[in-house]
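Observations on the model geometry
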2 protein chains.
Amino acid sequence: MTRKSDPLEKLKALPHVFVTDGEPIRSNWREAFPQAQLGYTRATSCEASVVWVLLPYTGDITPLIRRWQRMVGDAPVVALSDEPRDEEGMVALRAGVSGYCNGYASPAVLQQVAETVLQGGVWLGQSLLQKLVATTAQNLPKPAVAPLDWTLSLTEREVIVARAVASGASNKEIADQLNITERTVKAHLTAAFEKLRVRDRLQLTLLVNGITELKAPS
Amino acid sequence: MTRKSDPLEKLKALPHVFVTDGEPIRSNWREAFPQAQLGYTRATSCEASVVWVLLPYTGDITPLIRRWQRMVGDAPVVALSDEPRDEEGMVALRAGVSGYCNGYASPAVLQQVAETVLQGGVWLGQSLLQKLVATTAQNLPKPAVAPLDWTLSLTEREVIVARAVASGASNKEIADQLNITERTVKAHLTAAFEKLRVRDRLQLTLLVNGITELKAPS
DNA sequence: AAAACCATTGTACTAAGGTACAACCCGGGA
DNA sequence: TCCCGGGTTGTACCTTAGTACAATGGTTTT
């Protein structure tokens, strides 16, 4: 291992995953990212460079976005909308997306959005941002101390299992999905419980989903 | 893709102009844009692809930004700060900049920022945006489709127990807290599972915490 | 008053989650 | 080479969660 493993490089090597409601990959997406893949709705974990979620016309988009965020861990999630509206963009932003753009955006724009979000930036259209700024007076509370990253103390495998649990999967389901024994799943979980100082899968879930905080710096 | 007379192409052909307080062009700027030029403070008009304004440490930055916006017309203005702070970023945004980033950002990042703003986007760091979204959350319209309220189909007692479960409590703990039997807690939970169509306490937790959605309108 | 709903509890019983105490394989570093 | 950590699995056991099939008493609706 000569060079330090750059997380960005590793992320970039992964494919772009597009999440749709049954629709195949669009030509503009394919053109921007020849390696584009469709997201599998039932998966509980996913390796991706960037996850592009095509927003459905109706319904609450927050759970959809959150779900994929949990699945991919630190890969950025970008919301695609065929009818971009500022209100929808706000909801998406509040859900934590790293970008919000038109589902029919040109390949060039898509690539640029990808570049931006992969570097930790956020991509927005002008209109949305104007609204954002306009409605924000001068109050800037909430220093928002960066929440401790629970993944730090866990091994790769433990993180995967923890994410699956936190999305509601049973040990058996996780075992099947990862092609390992239920016993192994339990082993990973026991290790995770210990490291994160929680007593069971439910408290682990709260932690993974950011509802509770990591306590002692293990 | 051959494009016609695109205003974007014309804009891109112009040099990048850096506005400083007497400082020469920095190496990272030059590296990112070999054609980089310094902006003259006294000028009244300027042709530029992107105007990068290095913010002075003190004083009101709004007039400075506005001035250059007027000078360049439709070219985007990006604020550079050697000590980026969210408060300063907010001020810059309110002044109408298309981006706000570190004055010592790497050439790669600068180029990417340029790409973004040239396409009409806005480039921000994660932290600033989070703050923006957080403070704007209350003032903007709620999600178009109000998420179904899971409490509607439950009795008062079931809601209480469900909330307790969703915060990580065990049946025994809930029983003690409510001064009832563990058996009763189970009864309420079983009823809640049935009504909300979930199979166990973990999925109930996801529902209560808004991570998943209520499916069938029971 | 009867029906319907709610909160409560009991006795099983089954299923799932979690722990204890291991073992094996593999790759990398002292 | 030996040791160590990560991933894997086994057996046994205990605890917790959840279900089946009840019952009781209270309140509200019909």
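Attention here is on the structure that accompanies the text. Being a predicted model, the structure only gives us computed values, none of them experimental.

**Observations regarding the packing of helix 5 (residues 107–118) of chain A against helix 5 (residues 107–118) of chain B**
Put simply, helix 5 of chain A and helix 5 of chain B touch, their axes get as near as 10 Å, and they point 135° apart. With respect to helix 5 of chain B, the element helix 5 of chain A is oriented oblique. Like other packed secondary-structure pairs, helix 5 of chain A and helix 5 of chain B cross with a definite hand, here left-handed. Between helix 5 of chain A and helix 5 of chain B, the residues in contact are Gln112, Glu115 and Thr116 of chain A and Gln112, Glu115 and Thr116 of chain B, respectively. For the contact of helix 5 of chain A with helix 5 of chain B, the class distribution of residues is no nonpolar, 4 polar and 2 charged.

**With respect to the pattern of salt bridges**
Scanning the entire structure with this criterion turns up 13 salt bridges over all chains. The partner of Asp82 of chain B in a salt bridge is Arg26 of chain B, and the shortest N-O contact between them spans 2.7 Å. In this pair, Asp82 of chain B sits in the loop between strand 4 (77–81) and helix 4 (86–95) while Arg26 of chain B sits in the loop between strand 1 (16–19) and helix 2 (27–32), placing the two residues 56 residues apart along the sequence. Here Lys195 of chain B makes a salt bridge to Glu158 of chain B, at a shortest N to O gap of 2.9 Å. In this pair, Lys195 of chain B is assigned in helix 9 (residues 182–196) and Glu158 of chain B in helix 7 (residues 156–166), connecting sequence segments 37 residues apart. When salt bridges that share partners are traced, they join Glu23, Arg26 and Asp82 of chain A into one network.

**Re helix 5 of chain B**
Residues and elements named next belong to chain B. The end-to-end C-alpha distance of helix 5, which contains 12 residues, comes to 16 Å, matching closely the 16 Å that a straight helix rising 1.5 Å per residue would cover. For helix 5, a buried count of 9 out of 12 residues is recorded, marking the element as mostly surrounded by other parts of the structure. Turning to helix 5, its buried residues number three or more, namely Pro107, Val109, Leu110, Gln112, Val113, Ala114, Thr116, Val117 and Leu118. The first or second residue beyond helix 5 is Gly120, which carries a positive phi of 90°.

**Considerations on the protein's contact with DNA strand C**
Around DNA strand C, a shell composed of 17 residues is seen, among which Arg201 of chain A together with Thr155, Thr181, Arg183 and Thr184 of chain B lie nearest. Considering the 4 Å shell around the protein, atoms of DNA strand C inside it are sugar or phosphate in 65% of instances. At a separation of 3.0 Å, a base nitrogen of DNA strand C approaches a polar side-chain atom of Arg183 of chain A. Between DNA strand C and Arg157 of chain B, the relevant distance is 2.8 Å, taken from a phosphate oxygen to a side-chain nitrogen or oxygen of the residue. Those elements giving two or more residues to the surface near DNA strand C turn out to be helix 9 (182–196) of chain A together with helix 7 and helix 9 of chain B.

**Describing the packing of aromatic side chains**
Residues and elements named next belong to chain A. Summed over all chains, the structure comprises 8 aromatic pairs over all chains. Here Phe18 and Trp52 contribute two aromatic rings whose centre-to-centre distance is 5.6 Å and whose plane-to-plane angle is 10°, an arrangement assigned as stacked. In this pair, Phe18 is assigned in strand 1 (residues 17–19) and Trp52 in strand 3 (residues 51–54), connecting sequence segments 34 residues apart. The residues Phe18 and Trp52 share a single accessibility class, namely buried. Aromatic ring contacts, followed pair by pair, group Phe18, Trp29, Phe33 and Trp52 into a single cluster. Stacked on the ring of Tyr104, the Lys or Arg Arg26 has its end atom at 4.0 Å from the ring centre.

**Some thoughts on the protein's contact with DNA strand D**
Neighbouring DNA strand D are 17 residues; Thr155, Thr181, Arg183 and Thr184 of chain A together with Arg201 of chain B lie closest to it. Thr184 of chain A has a polar side-chain atom sitting 2.6 Å from a phosphate oxygen of DNA strand D. Here a base nitrogen of DNA strand D sits 2.8 Å away from a polar atom, N or O, in the side chain of Lys186 of chain B. Those elements giving two or more residues to the surface near DNA strand D turn out to be helix 7 (156–166) and helix 9 of chain A together with helix 9 of chain B.

The rules we used
- Residues numbered from 1 in each chain as written.
- Chains lettered and ligands numbered in written order.
- Predicted model: local features only at pLDDT ≥ 70, side-chain atom pairs only at ≥ 80, totals over all residues.
- Heavy atoms only, no water.
- Axes fitted to C-alpha atoms, helices over the stretch in contact; angles between N-to-C directions.
- Helix = DSSP H or I, 4+ residues; strand = E, 2+ residues; numbered from the N terminus.
- Parallel < 35°, antiparallel > 145°, perpendicular 65-115°, else oblique.
- Left-handed = near helix turned anticlockwise from the far one by under 90°.
- Contact = heavy atoms within 4.5 Å.
- Nonpolar A, V, L, I, M, F, W, Y, C, P; charged D, E, K, R; others polar.
- Salt bridge = Lys/Arg side-chain N within 4 Å of Asp/Glu carboxyl O.
- Expected span 1.5 Å × (residues − 1).
- Buried < 20%, exposed > 50% of the residue type's maximum accessible area, 1.4 Å probe, protein only.
- Near = heavy atom within 4 Å.
- Polar contact = N/O pair within 3.5 Å; in protein donor to acceptor, adjacent residues only side chain to side chain.
- Phe/Tyr/Trp six-rings, centres within 6.5 Å; stacked < 30°, edge-to-face > 60°.
- Lys NZ or Arg CZ within 6 Å of the ring centre and 35° of its normal.

All we've got here are geometric facts, nothing functional implied.
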